[in-house]
Amino acid sequence: MDELVCVKDFEDLAYKLLPRNTLDYYRSGAGRQETLANNRNAFSKYKIRPRCLRNVAKRDVSTTILGEKISMPVGISPTAMQRMAHPEGECANARAAEYMGTIYTLSTIATSSIEEVAAAAPRAIKWFQLYIYNDRNVTVNLVRRAEAAGFKALVLTVDTPFFGLRLADMRNRFKLPPYLRLANFEGQNSIQVNIKGENTESALNNLGNLFDASVEWDDIEWLKSITYLPIILKGILTAEDALRAVDVGAAGILVSNHGARQVDGWPASIEALPEIVDTVGDILEIYMDGGITDGTDVFKALALGAKMVFMGRPALWGLTCGGEDGVKKILSILKTDFEYAMAISGCANVNEINRSMVVHESYYSKL
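What counts and what doesn't
- Residues numbered from 1 in each chain as written.
- Predicted model: local features only at pLDDT ≥ 70, side-chain atom pairs only at ≥ 80, totals over all residues.
- Heavy atoms only, no water.
- Salt bridge = Lys/Arg side-chain N within 4 Å of Asp/Glu carboxyl O.
- Helix = DSSP H or I, 4+ residues; strand = E, 2+ residues; numbered from the N terminus.
- Buried < 20%, exposed > 50% of the residue type's maximum accessible area, 1.4 Å probe, protein only.
- Axes fitted to C-alpha atoms, helices over the stretch in contact; angles between N-to-C directions.
- Parallel < 35°, antiparallel > 145°, perpendicular 65-115°, else oblique.
- Left-handed = near helix turned anticlockwise from the far one by under 90°.
- Contact = heavy atoms within 4.5 Å.
- Nonpolar A, V, L, I, M, F, W, Y, C, P; charged D, E, K, R; others polar.
- pLDDT = per-residue confidence, 0-100.
- Phe/Tyr/Trp six-rings, centres within 6.5 Å; stacked < 30°, edge-to-face > 60°.
- Lys NZ or Arg CZ within 6 Å of the ring centre and 35° of its normal.
- Core = buried A, V, L, I, M, F, W, Y, C linked by side-chain atoms within 4.5 Å.
- Disulfide = S-S within 2.5 Å.
- Pairing = 2+ DSSP bridges.
- Right-handed = clockwise from strand over helix to strand, strands pointing away.
- Polar contact = N/O pair within 3.5 Å; in protein donor to acceptor, adjacent residues only side chain to side chain.
- Patch = residues over 30% accessible without salt bridge, like charges linked within 9 Å, V, L, I, M, F, W, Y side chains within 5 Å.
- Areas by Shrake-Rupley, 256 points an atom, 1.4 Å probe, with all protein chains shown as cover.

Caption draft 1: Highlighting the pattern of salt bridges. Applying the stated criterion across every chain, the model contains 18 salt bridges. Of the charged contacts, one joins Lys-328 and Glu-324 as a salt bridge, the two residues approaching to 3.1 Å between their closest N and O atoms. Linking Lys-328 with Glu-324, this pair stays in helix H13 (residues 313-344), spanning four residues, or about one helical turn. Ionic contacts of the salt-bridge type, sharing partners, join the residues Glu-88, Arg-95, Glu-324, Asp-325 and Lys-328 into one network.

Structure, rendered in structure tokens:
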């Protein structure tokens, strides 16, 4: 991996290494994939306004999230079925986050169980991503297991009454390779999953049909009643929903368009971030994922008000190329890149990054 020096290098190699069924699942978005492209391209529409002659001899990229100090404002988003990328899958990913001192978020739809990941990375700050299922006992069971395993927060995905239509998965008739399993749904924890892929020819969409599509804001109160863990709402893209998140007592908001995998035509996460920060940023913590590939992306998101960013696909590319060491290197690249972007732009620590330092490109056309 010595020759891999940026996220794009890892991505290019992963594209060569992964089988088509897996690669298309990891990389694809919904519909024509315009939002998928925009998640990345939208960052270039924001420009950094650097400040010069500031003392940056001593630098600190650490921050505090929900009371926990972490080494950098970059964590790992939940992505499903990581053992398709590497035999150790989620366990290797979590160990990398533990080593780097940041947050790892485990997907419900994982190929390593809650308990396996907890045992693999006992000192990592681990969050658990959750859906509310038609059978509420499934949700209760997952919450209880996450609590018992020492996870520190629940990340409730709120943009998924069911999975979006991903054309590549439909063409490939995607299903989990037969040597893997949905590790959180085995034995007494099992739920019925139709692997034939009826309706869309993708088994994943049939799994999504197990989600409770009738869930409303009042159901957050039910979830709060069964857990002591803080609840972060993932998938909010509007100020109106951000206000509802405050009303129901969310601990944080993860501004996200689900990796552009739900409906094409949604805004890029970085585009939606400012209105949410302006509306509720002084009340609860705001995070963002979607399109993060280098340190300038991190800087821009923090300047626009995010407390922290998360990345999903880059960790998968690292996992594919080098397992735990690959993810460590991805995180190290992003940490170093962010430190350089921060310091050379005039900030010695994350608290010095502010809204005046990033503007939309239209700012310069008006001058």
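Caption draft 2: Examining helix H12 (residues 295-303) more closely. H12 sits mainly inside the fold: eight of its nine residues count as buried. For H12, every residue scored as buried is listed here: Gly-295, Asp-297, Val-298, Phe-299, Lys-300, Ala-301, Leu-302 and Ala-303. Of the residues one or two after H12, Gly-305 is the one with positive phi, at around 115°.

Caption draft 3: Representation of the packing of helix H4 (residues 89-100) against H13. Interhelical geometry of H4 versus H13 gives an angle of 20° and a closest axis separation of 10 Å. In terms of their interaxial angle, H4 and H13 are classed as roughly parallel. For the pair H4 and H13, the sense of crossing is right-handed. Contacts between H4 and H13 involve Gly-89, Ala-92, Asn-93, Arg-95, Ala-96, Ala-97, Tyr-99 and Met-100 on the former and, on the latter, Ala-315, Leu-319, Gly-323, Glu-324, Val-327, Lys-328, Leu-331, Ser-332 and Lys-335. Looking at the contact of H4 with H13 residue by residue, the class counts come to nine nonpolar, four polar and four charged.

Caption draft 4: Local environment of the confidence of the model for the protein chain. Model confidence for the protein chain is summarised by a mean pLDDT of 94, while 94% of its residues fall at 70 or above. Within the model, the stretch residues 192-201 combines pLDDT values under 50 with 21 contacts to residues more than four positions away or in other chains.

Caption draft 5: Region of the structure containing the environment of Asp-135. Within the secondary structure, Asp-135 sits in the loop between strand E6 (125-130) and helix H6 (136-148). Put simply, Asp-135 and Phe-211 are 76 residues apart on the chain and 8.5 Å apart in space, counted from C-alpha to C-alpha.

Caption draft 6: Expanded view of the packing of aromatic side chains. What the rule picks out here adds up to 13 aromatic pairs. Three or more aromatic residues link up through ring pairs in this structure, and these residues are Tyr-131, Tyr-133, Phe-163, Phe-185 and Phe-211. Between Arg-27 and the ring centre of Tyr-15, over which it is positioned, the NZ or CZ distance is 5.0 Å. Its guanidinium or amino end placed over the ring of Tyr-99, Lys-328 lies 4.1 Å from that ring's centre, counting from NZ or CZ.

Caption draft 7: How the structure looks around the nonpolar core. Among the nonpolar cores identified, the biggest contains 105 residues, and Leu-233, Ile-253, Ile-270 and Leu-273 are the most heavily contacted of them. Setting aside residues no more than four positions away along its own chain, Leu-233 makes contact with Leu-156, Val-158, Trp-217, Ile-220, Ala-245, Val-248, Ala-250, Gly-252, Ile-253 and Leu-254. One finds Ile-103, Ala-153, Val-155 and Tyr-287 within the second-largest nonpolar core, a separate group that totals twelve residues.

Caption draft 8: Region of interest: the state of the cysteines. Applying the stated criterion to the full structure yields zero disulfides. Its sulfur unpaired, Cys-347 is 11 Å from the next cysteine sulfur, which belongs to Cys-52.

Caption draft 9: Layout of the pairing of strand E11 (residues 308-311). The side-chain alternation of E11 yields two buried faces, one formed by Met-308 and Phe-310 and the other by Val-309 and Met-311. Bridging between strand E10 (residues 285-289) and E11 involves three bridges; their strand directions are parallel. Bridged to Asp-289 within E11 is Phe-310. One crossover worth recording links E10 to the parallel E11 by way of H12, and it is right-handed.

Caption draft 10: Quick peek at the side chain of Ser-71. Along the polypeptide, Ser-71 turns up in the loop between strand E3 (68-70) and strand E4 (74-76). Classification of Ser-71 as buried rests on a relative accessible area of 18%. There is a polar contact of 2.4 Å between the side chain of Ser-71 and the backbone oxygen of Met-100. Each residue touching Ser-71, except ones within four places of it in the same chain, is listed here: Val-61, Ser-62, Met-100, Gly-101, Thr-102 and Lys-335.

Caption draft 11: Structural context of a nonpolar patch on the surface. Among the surface-exposed residues, Tyr-363, Tyr-364 and Leu-367 lie close enough to one another that they form a single nonpolar patch of about 330 Å² accessible area. You can see Tyr-364 is positioned in helix H14 (residues 362-365). When its relative accessible area of 39% is taken as the criterion, Tyr-364 is described as partly exposed.

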